[in-house]
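# Examination of the molecular architecture
Residue-level listing of the chains:
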Amino acid sequence: MTETLTLAADTGRDSRVPPPMAMLAELTHRCPLACPYCSNPIALMPAKEELSTKEWIGVFEQAADLGVLHLHLSGGEPAARRDLVELTQAAASLGLYTNLITSGVGLTAARIEGLADAGLDHIQLSIQGVSPESADRISGYGGSYERKIAVAGWVADAGIPLTVNAVCHRQNMGELDEMIELAIRLKARRIEVATVQFHGWAERNKGALLPTREQADRASQTVAEAREKYQGILVIDYVPADYHSTYPKACMGGWGRVGLNVTPSGRVLPCHAAETIPSLSFDTVRAGSLAKIWYESEAFNAYRGEDWMPELCRACERKTIDFGGCRCQAMALAGDSSATDPVCIRSPLRERLTRKADQLSAESSAALIYRGR
Amino acid sequence: MTVEAPVISGSSVVKLARGVRLREDSVRGRTVLLAPERAMALDDIAVAIVGALDGNRSLDQIAADFAETFEAPVGEIAADVMAFVQELSIRRMLEVIE
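This one's a predicted model, so the numbers in the text were calculated from it and none came from an experiment.

### Quick look at the overall build of chain A
A count of helical and extended segments in chain A gives 15 helices and 10 strands. Taken over the C-alpha trace, chain A has a radius of gyration of 20 Å; the compact-globule value for 373 residues is 21 Å, and the two agree within 12%. The dimensions of chain A, computed from C-alpha atoms along their principal axes, are 55 × 50 × 50 Å. In chain A, which comprises 373 residues, the share counted as buried stands at 57%. For chain A, the share of sequence-separated contacts (at least 6 apart) that also reach a separation of at least 24 residues comes to 74%.

Set out below in structure tokens:
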């Protein structure tokens, strides 16, 4: 009776580009936290270059017309935008399923009530650990843990459904069980357990964050057990450690197939790390329409379909499952954004990656380079 | 940790949880059920079932009403409704009223 739309986009031999399902609006790069795995680029955008309220609302209107169903308001910390309630109201009035991705810092009970009244559909609240000591050390922000617990309470009071986002890495993977239980105590319906991805700031902290193979295996086991134990109570979405995986992740559900990102200054990207691919240039909503960028721009068409693929991927039956893996990871690890993702067991670079991963995850250093500091 | 998942039976009364809603998707020409990070394309039967989850009628009553409207065997319909509702419940998309 149902089919998941993201899968439906792939049926048949139809080569037409499907309309986007989801848009991530990075409203700002400003954030009080300094997580060492932040997905924002190393070069952070200053506030004065951010799109205005009116510009963002214009982008939301275009997105709705284009077929976007889910809008994720993200950052940086989106609560750093003074117009957050106004933007939420505009998005909700367009029928967009509006989700706020937040650290919680900058939200008050009153502001959360305002967001609920504006029609916010859902909140994703990040946690960095299960105690003030561990969480505040990772976020680089004293008091963040206590604040998040308070925010979760206000979200529950306002009746807004909650997902807890837990980025996992070598220094907190041992707490995974407790993070799942914390999510239930905070009355979350979902938790996203995502192993850190090594782009941007995380790349600089690989030696401190890369989980060991044993940790990664244990995490997968923990998730499998918790899914069974908490069925009907907590939905668990899980991104395993891909350096220790056999096949690459279907990054973004395929390049330019499912979603798009808009940066604080309005540049439109196929994924948040796409700017690490130096051969690509990206268009901005200040100069062209979202539809034109999605369907016609060079950057979005660069890795659609299979013409760009190396023979190894083109001949592989998994090409419609993982689309050759992550382009940014191919860039970072193979120095070639058109290469097979080196995570793939069939990649000639896989053995080298395995050795490197084992070596990095054995490093004893826990020193962190914090975002923006 | 001891937390109980809701048990759903024919006498259950349910409705869509907050944050889960039906929407016409005019770009793709279908009806979708939207939830956090999920968009499900529904066929006509599924749309009818979701529409009937009004928070007043039990699942048995809904199945009986459908059987009358569509002149179909109530047992078959009840099984379809239950399978679909269980699926929604596992995905945390339902609020169980009683």
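### Some points on the nonpolar core
When a protein is soluble and globular, its nonpolar side chains tend to lie buried together. Residues Met23(A), Trp56(A), Phe60(A), Leu162(A), Ile191(A) and Leu234(A) are the most contacted members of the largest nonpolar core, which totals 68 residues. Here this core gets seven residues from one element, more than from any other, and that element is helix H2 (residues 53-66) of chain A. Leave out the neighbours within four places in its chain, and Phe60(A) touches Met23(A), Ala25(A), Leu27(A), Leu71(A), Leu73(A), Leu87(A), Ala91(A), Leu94(A) and Leu96(A). Grouped together as the second largest cluster of nonpolar side chains are 26 residues, Ile49(B), Val81(B), Val85(B) and Leu94(B) included.

### Examining the packing of helix H4 (residues 109-118) of chain A against helix H6 (residues 144-158) of chain A
Residues and elements named next belong to chain A. It is at 9 Å that the axes of H4 and H6 come closest, and there the two elements cross at 40°. What the angle tells us is that H4 and H6 run oblique. Read as a crossing pair, H4 and H6 show a hand that is right-handed. Contact residues: H4 offers Ala109, Ile112, Glu113 and Ala116, while H6 offers Val151, Trp154, Val155 and Ala158. Of the residues assigned to the contact of H4 with H6, the class counts are seven nonpolar, no polar and one charged.

### So, a negative patch on the surface
All names here are of chain A. The grouping of Asp177, Glu178, Glu225 and Glu228 at the surface amounts to a negative patch. The topology assignment puts Glu228 in helix H10 (residues 213-229). Glu228 gets classed as exposed once you look at its relative accessible area, which sits at 70%.

### Focus on unusual backbone geometry
Residue and element names in this part refer to chain A. Residue Gly76 follows Gly75 across a cis peptide bond; omega there is 10°. Relative to the elements of secondary structure, Gly76 occurs in the loop between strand E3 (70-74) and helix H3 (84-93). In the Ramachandran plot, Lys187 falls in the positive-phi region, its phi being about 65° despite a non-glycine side chain. Note that Lys187 resides in the loop between helix H7 (176-185) and strand E7 (190-195).

### What to know about the interface of chain B and chain A
Contact with chain B, which involves 35 residues of that partner, is made by 43 residues of chain A. If you look at where chain B meets chain A, you find two salt bridges. For Asp121(A), the salt bridge identified is with Arg21(B), shortest N-O distance 2.9 Å. Secondary-structure elements contributing two or more residues to the side of chain B that touches chain A are strand E2 (21-25), strand E3 (30-35), strand E4 (38-42), helix H1 (44-52) and helix H3 (74-90) of chain B. Sort the elements by how many residues they give to the side of chain B that touches chain A and E4(B) lands first, with five residues. Broken down by class, the residue content of the side of chain B that touches chain A amounts to 20 nonpolar, two polar and 13 charged.

### Here we look at the UniProt feature "binding site: [4Fe-4S] cluster" (unreviewed entry) in chain A
Residues and elements named next belong to chain A. Following the UniProt record, one finds the feature "binding site: [4Fe-4S] cluster" (unreviewed entry) at Cys31, Cys35 and Cys38. Counting through the fold element by element, Cys31 comes out in the loop between strand E2 (22-26) and H2. Considering the arrangement of structural elements, one finds Cys35 in the loop between E2 and H2. Residue Cys35 is classed as buried on the basis of its relative accessible area of 10%.

Calculation notes
- All residue numbers refer to position in the chain's written sequence, counted from 1.
- Each chain is given a letter, starting from A, and each ligand a number, starting from 1, according to the order in which they appear as written.
- Only residues with pLDDT of 70 or above have their local features reported here, since the model is predicted, and side-chain atom pairs are shown and tallied only from 80 upward, although totals for entire chains, interfaces and linings are computed over all residues.
- To obtain the side-chain values, all non-hydrogen atoms of the structure were used and water was disregarded.
- The secondary structure listing takes helices from DSSP runs of H or I that are at least 4 residues long and strands from runs of E that are at least 2 residues long, numbered from the N terminus.
- Each radius of gyration reported is based on C-alpha atoms, and the globular scaling rule is 2.2 Å times the count of residues to the power 0.38.
- To sort residues, take the accessible area from a 1.4 Å probe on protein chains only and compare it with the maximum for the residue type: under 20% means buried, over 50% means exposed, and anything in between is partly exposed.
- By definition, residues are in contact when any of their heavy atoms lie within 4.5 Å.
- What is meant by a nonpolar core is a set of buried Ala, Val, Leu, Ile, Met, Phe, Trp, Tyr and Cys residues, joined one to another through side-chain atoms within 4.5 Å.
- Structural elements are reduced to axes, namely lines fitted to C-alpha atoms, with helices fitted over the stretch in contact, and the angle between N-to-C directions of any two is expressed from 0 to 180 degrees.
- Here roughly perpendicular refers to angles of 65 to 115 degrees, roughly parallel to angles under 35, roughly antiparallel to angles over 145, and oblique to all remaining angles.
- Whether a crossing is left-handed or right-handed is set by the direction in which the near helix is turned from the far one by less than a right angle, anticlockwise for left-handed and clockwise for right-handed.
- Under the scheme applied here, ten amino acids are nonpolar (Ala, Val, Leu, Ile, Met, Phe, Trp, Tyr, Cys and Pro), four are charged (Asp, Glu, Lys and Arg), and all others, including Gly, are polar.
- Patch membership requires more than 30% relative accessible area and the absence of a salt bridge. Residues of like charge join within 9 Å; the nonpolar side chains Val, Leu, Ile, Met, Phe, Trp and Tyr join within 5 Å.
- Computed by Shrake-Rupley with a 1.4 Å probe, the accessible areas treat only the displayed protein chains as cover when residues are assessed.
- Each salt bridge in this description consists of a side-chain nitrogen of Lys or Arg and a carboxyl oxygen of Asp or Glu lying within 4 Å of one another.
- All tallies of charge rest on Lys and Arg as positive and Asp and Glu as negative; His and the ends of each chain are not included.
- For charged residues, the charge sits on one atom: NZ in Lys, CZ in Arg, CG in Asp, CD in Glu.
- UniProt positions are given in the numbering used here, feature names are shortened, and annotations may be inferred rather than shown by experiment.

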